[in-house]
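Residues per chain, in single letters:
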Amino acid sequence: MKKHISLILIVMLLATALVGCGEKAPAYKDGTYEGEAKGMEPLKVSVEVKDGKIANVEVTEQNETEGFAEPALEQIPKAIVDKNSTEVDAVSGATVTSNAIKEAVNNALEGAK
């Protein structure tokens, strides 16, 4: 009897865990959206949505600190597109810029919901 109860509990736990794995990224309305946020300075992004997914992210305006911001300006937009999400890791040494790009993209995507 105890084995049956244990087995049932294990099956229930596994089923609950697998349900959480089935979450999908949100689908967005196709179009191009603009967003902005403040890093060290204000920055602006353009986000293109195609087939409900983030197809392109471009930083269109920025005055971030030269020498520090470049890795984030290059890596974060690509990571967002690859993951179809702003839930990406910040670039070490350029955390403020990384977070500003992610926030600007989130602000742009508000119009795509």
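You'll find the structure just up there.
A short tour of the structure in this document, coming up.

Cut-offs applied
- Residues numbered from 1 in each chain as written.
- Predicted model: local features only at pLDDT ≥ 70, side-chain atom pairs only at ≥ 80, totals over all residues.
- Heavy atoms only, no water.
- Helix = DSSP H or I, 4+ residues; strand = E, 2+ residues; numbered from the N terminus.
- Buried < 20%, exposed > 50% of the residue type's maximum accessible area, 1.4 Å probe, protein only.
- Contact = heavy atoms within 4.5 Å.
- Core = buried A, V, L, I, M, F, W, Y, C linked by side-chain atoms within 4.5 Å.
- Axes fitted to C-alpha atoms, helices over the stretch in contact; angles between N-to-C directions.
- Parallel < 35°, antiparallel > 145°, perpendicular 65-115°, else oblique.
- Left-handed = near helix turned anticlockwise from the far one by under 90°.
- Nonpolar A, V, L, I, M, F, W, Y, C, P; charged D, E, K, R; others polar.

### Focus: the overall build of the protein
Next, step 1: The secondary structure content of the protein amounts to three helices and three strands.
Next, step 2: Listing the helices and strands of the protein from first to last along the sequence gives α-β-β-β-α-α.
Next, step 3: With 113 residues in all, the protein has 32% of them scored as buried.
Next, step 4: The contacts in the protein between residues at least 6 apart in sequence include a share of 46% that link residues at least 24 apart.

### A look at the nonpolar core
Next, step 1: Ranked by internal contacts, the top residues of the largest apolar core, which has 24 residues, are Val47, Ile80, Ile101, Val105 and Leu109.
Next, step 2: Where this core is concerned, the elements lending two or more residues are β1 (31-38), β2 (42-50), β3 (53-61), α2 (70-83) and α3 (95-109).
Next, step 3: Those residues in contact with Ile101, other than ones at most four positions away along the chain, are Leu43, Val59, Ala72, Leu73, Ile76, Pro77 and Ile80.

### Some thoughts on the packing of α2 against α3
Next, step 1: Interhelical geometry of α2 versus α3 gives an angle of 40° and a closest axis separation of 9 Å. It follows that α2 is oblique to α3 by the angle criterion. Once α2 is placed against α3, the crossing between them reads as right-handed. Every residue of α3 that contacts α2 at Ala72, Leu73, Ile76, Pro77 and Ile80 is listed here: Thr97, Ser98, Ile101, Lys102 and Val105.
Next, step 2: Among the residues making up the contact of α2 with α3, the classes are represented as seven nonpolar, two polar and one charged.

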